[in-house]
There are 4 protein chains.
Amino acid sequence: MGIRVGVAGASGYAGGELLRLVAGHPEFDLVAATAHRQAGQPASVVHPQLAGLDLVLGPTEPDALADADLVFLALPHGESAALAAGLPETVRVVDLGADHRLRDAAAWQRYYGGAHAGTWTYGLPELPGQRPAIAAASRVANTGCYAVATTLALAPLVAAGVVEPADVVVVAASGTSGAGRAAKTHLLGSEVMGDLSPYKVGAHQHVPEIKQATGAVSLSFTPVLAPMPRGILATVTAVPAVAGADPRAVLAEAYADAPFVHVLPEGTWPHTAATLGSNSCHLQATVDVDSGRVIVVSAIDNLGKGAAGQAVQCANLMVGLPEQTGLSVFGVAP
Amino acid sequence: MGIRVGVAGASGYAGGELLRLVAGHPEFDLVAATAHRQAGQPASVVHPQLAGLDLVLGPTEPDALADADLVFLALPHGESAALAAGLPETVRVVDLGADHRLRDAAAWQRYYGGAHAGTWTYGLPELPGQRPAIAAASRVANTGCYAVATTLALAPLVAAGVVEPADVVVVAASGTSGAGRAAKTHLLGSEVMGDLSPYKVGAHQHVPEIKQATGAVSLSFTPVLAPMPRGILATVTAVPAVAGADPRAVLAEAYADAPFVHVLPEGTWPHTAATLGSNSCHLQATVDVDSGRVIVVSAIDNLGKGAAGQAVQCANLMVGLPEQTGLSVFGVAP
Amino acid sequence: MGIRVGVAGASGYAGGELLRLVAGHPEFDLVAATAHRQAGQPASVVHPQLAGLDLVLGPTEPDALADADLVFLALPHGESAALAAGLPETVRVVDLGADHRLRDAAAWQRYYGGAHAGTWTYGLPELPGQRPAIAAASRVANTGCYAVATTLALAPLVAAGVVEPADVVVVAASGTSGAGRAAKTHLLGSEVMGDLSPYKVGAHQHVPEIKQATGAVSLSFTPVLAPMPRGILATVTAVPAVAGADPRAVLAEAYADAPFVHVLPEGTWPHTAATLGSNSCHLQATVDVDSGRVIVVSAIDNLGKGAAGQAVQCANLMVGLPEQTGLSVFGVAP
Amino acid sequence: MGIRVGVAGASGYAGGELLRLVAGHPEFDLVAATAHRQAGQPASVVHPQLAGLDLVLGPTEPDALADADLVFLALPHGESAALAAGLPETVRVVDLGADHRLRDAAAWQRYYGGAHAGTWTYGLPELPGQRPAIAAASRVANTGCYAVATTLALAPLVAAGVVEPADVVVVAASGTSGAGRAAKTHLLGSEVMGDLSPYKVGAHQHVPEIKQATGAVSLSFTPVLAPMPRGILATVTAVPAVAGADPRAVLAEAYADAPFVHVLPEGTWPHTAATLGSNSCHLQATVDVDSGRVIVVSAIDNLGKGAAGQAVQCANLMVGLPEQTGLSVFGVAP
């Protein structure tokens, strides 16, 4: 008998990926999934890739999740706190939304608006000290997709004093699933195929989360929508703080024991397709010949390590399982 | 201690998918993989999606596979027989190439040229009687990708006398990985993105295999290259043999116990993205209002159910495991 | 001083392509464009590819088009007749919608529903006798995109008695712009990239138009949505009516004087990317080795020869210009 | 009788686009095109989008270009000088390769290797003073694709003293046609679709050209290959040199009279699809809220304004035509 798992907000892309991962997890039993407008629909109709899964979506309310020992929340911003409040303290909760990530309530209000719902344990296991913190928590705030890609690339370098925490410049491109499943004209296939388009330039809401998680004190972050369903490629540059440092070696040491973070062989650069469907992050670093800046590139699947995979990794830790359980290190390519 | 598995021809796309599936299989141990020009390279360099896999490719010769109880061959046409001849009879072999699929040596010569290497047990478990035949075989000829998609759609209807075996018309589009990994100008991303292109029109080499497997006696088969890495969508039409037949019901009954073949709910049509990375085949059927033709559409992942997944399914049967072991019913989407 | 041109329904994809072609046309002056919800917006905001075009969209009503000598209608089904009724008879009108294509009111009602708006001159110049008919008309019904691709491939063969008009089977795949610009979940980039999906299987509304234009008496037509913004590839198969006929030669003769229809060199097959942005149709034909069926493949840009380009070609004829004026024979590739 | 034009190196992607533009140019007559291995082939076979063009490729040697008044060179690096030396001084030459762009021979040797072929007039008409310089030149070095996108975004800001010339950070993503038409495994459609991959990180050969053209003195430039055939999106960030500057206003003024450079309305950001097939560059700028950096984004078609379109624009100036002749301001979208 496995851990009984519920997924709230199962009709979106992160929700669908959670259903796929939970249904295939050797120690989890998928007992409930909920949605708003799609409540009453079979999960396999809402997500055709789940043909063969026998599960009907219930309404997004605590009663629909009463059988679960562990609940994933994949809800719009601002809705997690209310639902979580209706779940017993003994039920472990991983929130894939942004509501409980920030420690700074003022930053929350500036970028998201509305009252801050409070701060939960930050769900990035590869940060120093986070594995035991997550294992001990009953409420975990899963990381934002851009924050994962950027933090894994940058945090060890800031912590080691290899780069300056000021004047960090990040340009990160994401597949379209990162923009969600709501029907919007600018997200139509006709518009996005063959297209690269920046958005929220100069003021993206992931900035405070990235600064909090990486230790950066000044961050220029430009996100770009790329013509692919999944994947994030983050190009992270920072001014070196010491002469002659080897950023790749620092990263390799930081992640020596991390099963999902791979610092690639020298001369090999990450690319997003290699991480599709996996929970892996690929990293590489160098020092720019002309500017002397440290450049780190990281690649993840935004729905994997950037959302649902990361959430399952945290949940594994919370219930005492090996963190890899039910997750794939390997991507689906080509 | 699991089944010791080797993969010959591991540098191509089917080979890479075999490595992914075997490395993630709970009962298989990946002990060897071989290649021609890439021999000596780490598998994770040849296939970046396998970062974290500790395996170096050996040369494609029997000695490199001496530790294996079970060998998958993913070699160019015409090379399987020689390698298989160098493996002991006790080693189980699944050949993903075309060499041993056809019963008719003349048809082999007409479409492939050269001497026919002989006929092995046909590796399509969902055909009547094939599960026990595969389980008893030590040599299995895995199906061609187009043949799987077409046969699963058509064979039960021919067998049930619902459609005429003459005048079958199939148009099937495939993702570009079906065309292989050799560097060719017409397969460059710049050429294939945004493009649909037919090829081998009027004379594709899968025609005799499809006729053999489906019972069709006259087949017009047109393959099309589509701008996506994976997936086959086959549109199969045939003249009804009886009035008022319900082709969907015939298919649903034929596959009632098949874990990987899903006849979708009425009104829902298969699409390829829903099968990505899985071993599933999605089917739907109707009768055309104007022409009265039966139309069946099937979708698979050409590297999954169309190649490596199917091969693992056969191998599971050959070694006495449940056929689903290590394979996913669910696709990676979006 | 050129022909003064208006475009009604300029906010959709066909409308945007009309604006591009009219604005670049050496003899046309773009004097007005209209939209429903986007009225009041600059055309270059609604269509970012038109940056530099100084034109604000007006409301879709006759007054907004009062300055035009020639009007293109790119409206939803059922709206063309009312608007056209408000335009003087001296104003030439090309309707890109379906309202006035069919001669058979009963077929209209069966496939579209509602009252039939009447029949206008059919805007496919390459059909025998259509150039003078279009030149003499003040009201022209532009062809449907699938109908153009199929008719150019099939009509000369039926007319020449080379193929039987019964048992025609067509599978045609279209880029997503053919599904329009309304925001729908199944048309999101995340859903369509990497995906082939059939739709309206067994009962597409273009069937009566194709039968009317080609002379086919029985037609199985299956449309498929393909992961690219533009392009249609139609695979048309028919039973030969005579022995030894050469379908390619028949097509080459039929289109010897057509500037936009190219029967490719033998052994070369059409592909959609080669027609992007052009008004060309590429054709090739063969006889299937196994079935003996005639197979013709045609490729067009669904917004070019399949919609806006074709409409401009008709308009050129209507005002006495060479049909090629302002249109490109060459595609934008890669 | 128009200007007689030849294209050397017509079999690649830039060469194909040159053929398309020259063949459609109202004042140019395409009299010759050459290739290496493809010599003897019809241009319409090498470039299927040119079906209908009656031209056979000749060998790449001066005699094959003897009829031309104006020659475009689209040759591999290092081959332009030798061919140009064989052409009379009276023949105007635009070199799309890198050979003659740099003024600094040492920089050439460091990034390209080999002897420097000399410096020609730099073919970026929008730089101050370049239009008359190009008009007076008989030899023009066309800009590199990344250099165009970056320079148009940055040069006016450096020149106006709005940003510091040091610590410029650029991340630019390009469609795959920028990587050329040679058959390479990592450029196969199967590999690039769904993929973003950085390359030449820390040491791209366009760095010295960009520094020369923009006035930047320290440049971190990271190029990324994106899953689309065409388009460059450059994200250019720089430290402000003055408080309260308005970078968008500076750009708008700099390009007030440039027909191909469009500073978009405030709040609207460039995206590559809007420039497809055109010679336009779209720009937008802002100041980052957190870091205070100036961020400019520019979008071009790498084969249009980034190569062939730019070359035709230069050629127009050289022969005394309006620079827009035969070029489109509008993109082909969606």
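Overview of the structure. Just so you know, these numbers come straight off a predicted model, no measurement behind them.

Here we look at the relation of the copies chain D and chain A
For the pair chain D and chain A, the relating rotation is 180 degrees, the translation along its axis is 0.0 Å, and the fit reaches an RMSD of 0.0 Å. What the rotation and shift describe, once combined, is the action of a two-fold rotation axis. Most of the interface of chain D is mirrored in chain A: 100% of its interface residues are interface residues there too.

Digging into the relation of the copies chain A and chain B
Overlay of chain A on chain B (RMSD 0.0 Å): rotation 180 degrees, translation along the axis 0.0 Å. A high fraction, 100%, of the interface residues of chain A reappear at the interface in chain B, so the copies pair face to face through one surface.

Here we look at the interface of chain A and chain B
At the interface, 27 residues of chain A touch 27 residues of chain B. Where chain A abuts chain B, roughly 2,200 Å² becomes buried across the two surfaces, and 70% of that area is made up of carbon and sulfur atoms. It is Gln49(A), Phe330(A) and Pro334(A) in chain A that bury the most area against chain B; as a group they hold 32% of the surface buried on that side. Connecting chain A to chain B are eight residue pairs in polar contact (both at pLDDT 80 or more). Broken down by element, the side of chain A that touches chain B gets its largest block of residues, four residues, from helix α1 (residues 13-23) of chain A.

Observations regarding the sheet that holds strand β12 (residues 261-263) of chain C
All names here are of chain C. In spatial order, the strands read β9-β10-β8-β11-β14-β13-β12; together these seven strands make up an open sheet with mixed pairing. Lying at the two open borders of the sheet, with one neighbouring strand each, are β9 (197-198) and β12. Across seven bridges, the pairing between strand β8 (residues 168-174) and strand β10 (residues 219-225) is parallel. Of the residues in β10, the one forming a bridge with Ser 174 is Leu 225. Taken strand by strand, helix α6 (residues 145-159) contacts β8, β10, β11 (232-238), β12, β13 (281-287) and β14 (294-300), and its axis lies near 35 degrees from that of β11.

What about the pattern of salt bridges?
Residues and elements named next belong to chain A. Counted under the stated rule, the structure contains 48 salt bridges over all chains. Taking the shortest distance from any N to any O, the salt bridge between Glu 126 and Lys 305 comes out at 2.8 Å. Of this pair, Glu 126 sits in the loop between β6 (121-123) and α5 (130-136) while Lys 305 sits in helix α10 (residues 304-318), and the two are 179 residues apart along the sequence. Both residues of the pair, Glu 126 and Lys 305, count as buried. Within this structure, Glu 17, Arg 20, Arg 230 and Asp 301 form a network of salt bridges that share partners.

As for the sheet that holds strand β3 (residues 58-59) of chain D
Residues and elements named next belong to chain D. The sheet built from seven strands is open, its strands ordered β3-β2-β1-β4-β5-β7-β6 with parallel pairing. The open sheet has two edge strands, β3 and β6 (121-123), and neither has a second partner. Lying over the sheet, helix α1 (residues 13-23) contacts β1 (3-8), β2 (28-35) and β4 (70-73), oriented at roughly 160 degrees with respect to β2.

Side note on the packing of aromatic side chains
In this description, a pair of aromatic rings is defined by centroid distance and the angle of the planes. All names here are of chain B. All told, the structure shown has eight aromatic pairs over all chains when counted by the stated rule. Between Tyr 146 and Phe 221, the ring centres sit 5.2 Å apart and the planes meet at 75 degrees, which makes this aromatic pair edge-to-face. Taken as a pair, Tyr 146 in helix α6 (residues 145-159) and Phe 221 in strand β10 (residues 219-225) lie far apart in primary sequence, 75 residues in all. Each member of the pair Tyr 146 and Phe 221 is classed as buried.

Re the pairing of strand β7 (residues 139-142) of chain A
All names here are of chain A. Side chains Arg 139 and Ala 141 project from β7 onto one buried face, and the interleaved Val 140 and Asn 142 project onto a second face that is buried too. Summarising the sheet, strand β5 (residues 92-95) and β7 pair through three bridges and their orientation is parallel. Pairing of Val 94 across the sheet is with Val 140, part of β7. The sheet contact formed by β6 and β7 spans three bridges and is parallel.

Criteria and thresholds
- Numbers given for residues are sequential positions, taken from 1 along each chain in its written order.
- Whichever chain is written first becomes A and whichever ligand is written first becomes 1, with later ones labelled in order.
- Local features are withheld for residues below a pLDDT of 70 in this predicted model, meaning they are given only at 70 or higher, and side-chain atom pairs are given and counted only at 80 or more; totals for whole chains, interfaces and linings count all residues.
- Side-chain numbers come from the whole structure's heavy atoms, not from hydrogens or water.
- All copies are superposed by least squares; the fitting set is the C-alpha atoms of residues with a pLDDT of at least 70 in both.
- Here, residues are in contact when the closest pair of their heavy atoms is within 4.5 Å.
- Two parts placed together each lose some accessible area under a 1.4 Å probe, and the buried area is that loss summed for both.
- Polar contacts, as counted here, are pairs of nitrogen or oxygen atoms within 3.5 Å of one another; within protein the pair requires one atom able to donate a hydrogen and one able to accept it, and residues that are adjacent in sequence qualify only if both atoms are side-chain atoms.
- Think of it this way: any DSSP run of H or I at least four residues long counts as a helix, any run of E at least two long counts as a strand, and we number them from the N terminus.
- Paired strands, in this sense, are two strands between which DSSP finds at least two bridges.
- In this analysis, axes come from line fits to C-alpha atoms, helices being fitted only over the stretch in contact, and the angle between any two N-to-C directions falls in the range 0 to 180 degrees.
- One side-chain nitrogen of Lys or Arg within 4 Å of one carboxyl oxygen of Asp or Glu is enough to make a salt bridge.
- A simple rule labels every residue: compare its accessible area, found with a 1.4 Å probe on the protein chains alone, to the largest value its type can have, and call it buried under 20%, exposed over 50%, or partly exposed in between.
- Between rings of Phe, Tyr and Trp, where Trp is taken as its six-membered ring, a pair exists when centres lie within 6.5 Å; planes separated by under 30 degrees are stacked, by over 60 edge-to-face, and by other angles tilted.

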